[in-house]
Amino acid sequence: MQVTTQHTGDTITIVLEGRFDFSAHRVFRGQYEASLQVPEVKHVSLNMAKVEYLDSSALGMLLLLNEGARANNIQVAIINCPENVMKILNIANFGRIFKIS
Amino acid sequence: MKILVADDSATNRAVLGALLTNMGHQPIFAENGREAVEVFERELPDCVLMDIMMPVEDGLSATRRIKSLSAGRLTPIIMVTTLDSETDLINGIEAGADDYFTKPIKMPVVKAKVRAMQRAIEVQRDIEQKTQELEKYYYDAENDMRITSHIMQRMTEPEKLDDPAFEYWLQPTAQCSGDLICAARTPGGVLHLILADGTGHGLSAAMDVIPLPQIFYAMTAIAYSIGTIAAEMNAKIKALLPVDHFIAATLIAVDPNNQTIEVWNGGNPTCWILNGRGELVHSVRSKHLPIGILEPNAFDASTEKVRFSAGYRIITFSDGLPDAGNANGAELGLDRVLNVFRKTATVNCMAKLKALVAAHTNNTKTHDDISVVIIHTDKLATWADKTSHSSPPPALSTTLSNGWRLEMRLGATELKVLDPIPFVIDLLKKLQVTDAHLSSLFLIISELFNNALDHGLLKLDSAIKHGENGFENYLNLRAERLADLSHDATLELEFENQISEEYRVLKIRVKDSGDGFNHQFAEHGKEHADLQHGRGISLVQKIADQVVYNYAGNEVIVSYSL
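Parameters at a glance
- Residues numbered from 1 in each chain as written.
- Chains lettered and ligands numbered in written order.
- Predicted model: local features only at pLDDT ≥ 70, side-chain atom pairs only at ≥ 80, totals over all residues.
- Helix = DSSP H or I, 4+ residues; strand = E, 2+ residues; numbered from the N terminus.
- Rg over C-alpha atoms; globule rule 2.2 N^0.38 Å.
- Buried ≥ 20, exposed ≤ 12 C-beta atoms within 10 Å, placed from the backbone.
- Contact = placed C-beta atoms within 7 Å.
- Pairing = 2+ DSSP bridges.
- Axes fitted to C-alpha atoms, helices over the stretch in contact; angles between N-to-C directions.
- Left-handed = near helix turned anticlockwise from the far one by under 90°.
- Nonpolar A, V, L, I, M, F, W, Y, C, P; charged D, E, K, R; others polar.
- pLDDT = per-residue confidence, 0-100.
- Core = buried A, V, L, I, M, F, W, Y, C linked by C-beta atoms within 7 Å.
- Domains from an automatic or database assignment.
- Arc of directions from axis to C-beta.
- Expected span 1.5 Å × (residues − 1).
- Parallel < 35°, antiparallel > 145°, perpendicular 65-115°, else oblique.

Structural notes on the overall build of chain A
Per the secondary structure count, chain A includes three helices and five strands. Beginning at the N terminus, the succession of helices and strands in chain A can be written as β-β-α-β-α-β-α-β. Relative to the compact-globule value of 13 Å for 101 residues, chain A shows a C-alpha radius of gyration of 12 Å, a close match. Summarising its shape, the C-alpha atoms of chain A cover approximately 35 × 25 × 20 Å along the three principal directions. Per-residue burial over chain A gives 30% buried out of 101 residues. The contacts in chain A between residues at least 6 apart in sequence include a share of 70% that link residues at least 24 apart.

Encoded structure:
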């Protein structure tokens, strides 16, 4: 999976592309850990528009991101979810933990 | 490095030997090809400098032999050839030489090439060592899997999975599965079942679900509700597992006495309830987060309850089933799975489902563990049937003392949050009341407690249950009234074990602070009272020795011989 990051003001947008599964662990973690360290950041947006596939390992990675974000008082939002991604996030009721659109 | 110098010229041997010693290596020598091979076998040098033209056996032949001897372990051979012999060069490389010098030998060239060979050897040795380590890890990992598999099987107690009320199918992708099914009956005959799916698959997923069976079986044995069991599992898993690990789970309770189905679904595909005609009458979608994510105080233990009648089936499965892919990666999908259940007669549906999956995936390995449970409500024997087969009471035990007594009084605050029944059942179990008695006692105690609470304190009318949407209305009204229960409401429970030479009797007393039903009882007789309280009291009277109400009707004492 490819991960790119954009920084605007107090928001960092992380764009994910491809298959979000266990093999994406290192790449994803590397990017978001760096993002959470940037001082003026208050919001992190995960742009899922180009995510083809999402499994339970990916959900686990989202939980890790959430834990790190909460420790630094940063809000996480998951945006531009395609239908199949939305379906999985709904079954897992992740809308209770993340702002999802 | 230990370097073998094979050359028939004594001068060459001396010169090369001196150079190598200067470089810090240890030279050993051979005068011809045959000796070279012998010395090689004996000394196992790291590198060989081989002259081609030698008597007895030439360099090419010796090279071939040495190469075949050192098959697994890289031992570079550098040949010494004459300047204008391309043939020598080609033959040398084909025989297995890794590099060559041309005569006359120049020392700087020898130095450089030997150094290059040394680097190559170091890389090779490094790879060999890593390969060995990898093989060891692989072996250890396979062993761990075997042990975990063994523990998993023991913990899920397969003998309890042969309850005739349900069928199940487990198809893991590998030796270890993150999918788990447990089932057991409460003392009251209610079937509890859990289908769990741990994050990922393989060893870590299997380990994730290991804590669940013990919690499930222990709590079911003393009749905790599935919502409470789910909450307990969540707390344990949240504490035990890392943040990114969680378990999707569906917990189901099917009560044959009250004809109800209760479901808690967090993260699994929708649980389907079909009626006797194969129509989908209810879907319990996942409306909770999977187990192990939320803090205990944020956990939602609420369940969905549905009444069932003849022919009802309950179907639940992990996402491995609808996600099963064919050769092109297309998923099986929920619709096709549902059609199997809609269109197939009860008796064949599991076989039909397996056939569908096999056909779709073309019998190739599926990507995720598959597990399916089908509960046939018709096959749940009712509690009444079970009692007729219960074993006769055991011989009198004289090990207990004069008799113990437990008394508890619960106020409004406690009644809103506490279910005291599991605690009492657990106590009786620890005091060595046998399972046969425990079932009867569970029924008696729950009946008396629920009557005291629902009718005595909350003043609910059983008749509500029978109207349209009656069941739901009853539950909603009960929740409302419980929340509004007045501060001075109390419910007393007393248990006393009375022993004499001839008998052992358990005396159970329940008293609520309500008005009692004295008037109805006195005016309309026993039949009316039964209608008000459901058939529960009749059943208690059948099982217990004596049932006595006080005048007001808000206190009852039951005697039960052990």
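Details of the overall build of chain B
Per the secondary structure count, chain B includes 17 helices and 20 strands. For 562 residues, the compact-globule formula gives about 24 Å, and the C-alpha radius of gyration of chain B, at 39 Å, lies well above that figure. Along the first, second and third principal axes, the C-alpha atoms of chain B reach 130 × 60 × 45 Å. Looking at the 562 residues of chain B, the share that counts as buried comes to 35%. Partitioning the contacts of chain B with sequence separation of at least 6, the portion at a separation of at least 24 is 67%.

Concerning the pairing of strand 12 (residues 280-284) of chain B
Consecutive residues of a regular strand have side chains that alternate between opposite faces of the sheet. All names here are of chain B. Sheet topology note: the strand 11 (residues 271-274)/strand 12 ladder contains four bridges and is antiparallel. Each bridged residue has a counterpart across the sheet, and for Leu 274 the counterpart in strand 12 is Leu 280. The antiparallel hairpin formed by strand 11 and strand 12 contains five residues in its connecting segment, where Gly 278 sits at a positive phi of about 80°.

Quick word on the packing of helix 14 (residues 435-457) of chain B against helix 17 (residues 536-543) of chain B
All names here are of chain B. Running from N to C, helix 14 and helix 17 point in directions that differ by 140°, and their axes come no closer than 10 Å. Both helix 14 and helix 17 take part in a crossing whose hand is left-handed. Packed against helix 14, whose contacting residues are Ser 440, Leu 443, Ile 444, Glu 447 and Asn 451, the element helix 17 presents Gly 536, Leu 539, Val 540 and Ile 543 at the interface. Within the contact of helix 14 with helix 17, the residues separate by chemical class into five nonpolar, three polar and one charged.

Structural notes on the environment of Lys 542 of chain B
Residue and element names in this part refer to chain B. Mapping Lys 542 onto the fold places it in helix 17. When the 12 C-beta atoms within 10 Å are taken as the criterion, Lys 542 is described as exposed. Separated by 395 residues in sequence, Lys 542 and Ile 147 have C-alpha atoms that sit 50 Å apart.

Notes on the sheet that holds strand 18 (residues 504-512) of chain B
Residues and elements named next belong to chain B. Spatially, 16-17-18-20-19 is the arrangement adopted by the five strands of the open sheet, whose pairing is antiparallel. The strands lining the two open edges of the sheet, one partner per strand, are strand 16 (405-411) and strand 19 (546-549). Pairwise comparison of adjacent strand axes, ignoring direction, gives a mean angle of 10° for this sheet. As judged from the four bridges shared by strand 19 and strand 20 (residues 555-561), these two strands associate in the antiparallel manner. Bridge pairing in strand 20 places Val 548 opposite Ile 557.

Describing the confidence of the model for chain B
Model confidence for chain B is summarised by a mean pLDDT of 85, while 91% of its residues fall at 70 or above. Per-residue pLDDT stays below 50 along residues 383-400 of chain B; that stretch engages in 14 contacts with residues further than four places along the chain or on separate chains.

Some thoughts on the sheet that holds strand 2 (residues 11-20) of chain A
Residues and elements named next belong to chain A. Judged by pairing direction, the sheet is mixed, and its five strands sit side by side in the order 1-2-3-4-5 without closing on themselves. This sheet does not close on itself; its edge strands, each paired only once, are strand 1 (2-8) and strand 5 (99-100). Note that strand 2 and strand 3 (residues 43-54) share nine bridges and pair parallel. Note that in strand 3 the partner of Gly 18 across the bridge is Val 51. On the sheet, helix 1 (residues 25-37) packs against strand 1, strand 2 and strand 3 and is oriented at approximately 10° with respect to strand 1.

Details of the environment of Ile 78 of chain B
All names here are of chain B. If you trace the backbone, Ile 78 turns up in strand 4 (residues 77-82). Sequence-wise, Ile 78 and Gly 403 are 325 residues apart; in three dimensions their C-alpha atoms are separated by 96 Å. The residues touching Ile 78, leaving out its near neighbours within four places in the chain, are Leu 49, Met 50, Ala 97, Asp 98, Asp 99, Tyr 100, Phe 101, Lys 113 and Met 117.

Notes on the nonpolar core
All names here are of chain B. Ile 252, Val 254, Ile 444, Ile 445, Leu 448 and Ile 508 are the most contacted members of the largest nonpolar core, which has 120 residues in total. In terms of residue count, helix 14 provides more of this core than any other element does, ten residues in total. The residues that make up this core include at least three from each of domain 2 (156-382) and domain 3 (390-561). Non-local contacts of Ile 508, meaning those with residues more than four positions away in its chain, are made with Ile 444, Ile 445, Leu 448, Phe 495, Val 558 and Tyr 560. Formed by 27 residues, the second largest nonpolar core is a distinct cluster that contains Ile 3, Phe 40, Met 50 and Ile 52.

Re the interface of chain B and chain A
Each partner contributes to the interface: chain B provides 13 residues, whereas chain A provides twelve residues. Across the side of chain B that touches chain A, the residue classes tally to five nonpolar, six polar and two charged.

Digging into unusual backbone geometry
All names here are of chain B. A positive phi angle is found at Leu 44, which is not glycine, with a value near 45°. Along the chain, Leu 44 turns up in the loop between helix 2 (33-43) and strand 3 (47-51). In this structure, Val 56 is a non-glycine residue whose phi angle is positive, near 65°. Relative to the assigned elements, Val 56 resides in the loop between strand 3 and helix 3 (59-69).

Brief notes about helix 2 of chain B
An α-helical turn contains 3.6 residues, so a residue and the one three or four places further along point in the same direction. Residues and elements named next belong to chain B. Residues of helix 2 that are buried include every one of Gly 33, Ala 36, Val 37 and Phe 40, and no others. Mapping the buried residues of helix 2 onto a view down its axis gives an arc of 95°, with all of them on the same face. For helix 2, the secondary structure elements touched by its buried residues are strand 1 (2-6), strand 2 (26-30), strand 3 and helix 3.

Things to note about helix 1 (residues 10-23) of chain B
For helix 1 of chain B, which comprises 14 residues, the first-to-last C-alpha distance of 20 Å matches the rise-based estimate of 20 Å (1.5 Å per residue) to within 8%. Remark: Gly 24 of chain B follows helix 1 of chain B within two positions and exhibits a positive phi of approximately 100°.

Thoughts on the pairing of strand 3 of chain B
Residue and element names in this part refer to chain B. With five of its five residues buried, strand 3 lies for the most part within the structure. Every second residue of strand 3 is oriented toward a common face, with Cys 47, Leu 49 and Asp 51 on one face and Val 48 and Met 50 on the other, all of them buried. With four bridges joining them, strand 1 and strand 3 adopt parallel strand pairing. Bridged to Leu 4 within strand 3 is Val 48. Alignment of strand 3 against strand 4, held across four bridges, turns out to be parallel. What sits directly across from Asp 51, in strand 4, is Val 80.

Looking at the packing of helix 3 of chain B against helix 4 (residues 86-95) of chain B
Residues and elements named next belong to chain B. Look at helix 3 against helix 4: their axes get within 8 Å of each other, and the N-to-C directions meet at 20°. Classed by the angle they form, the pair helix 3 and helix 4 counts as roughly parallel. Crossing of helix 3 over helix 4 shows right-handed handedness. Contact residues: helix 3 offers Leu 60, Thr 63 and Arg 64, while helix 4 offers Asn 91, Gly 92 and Ala 95.

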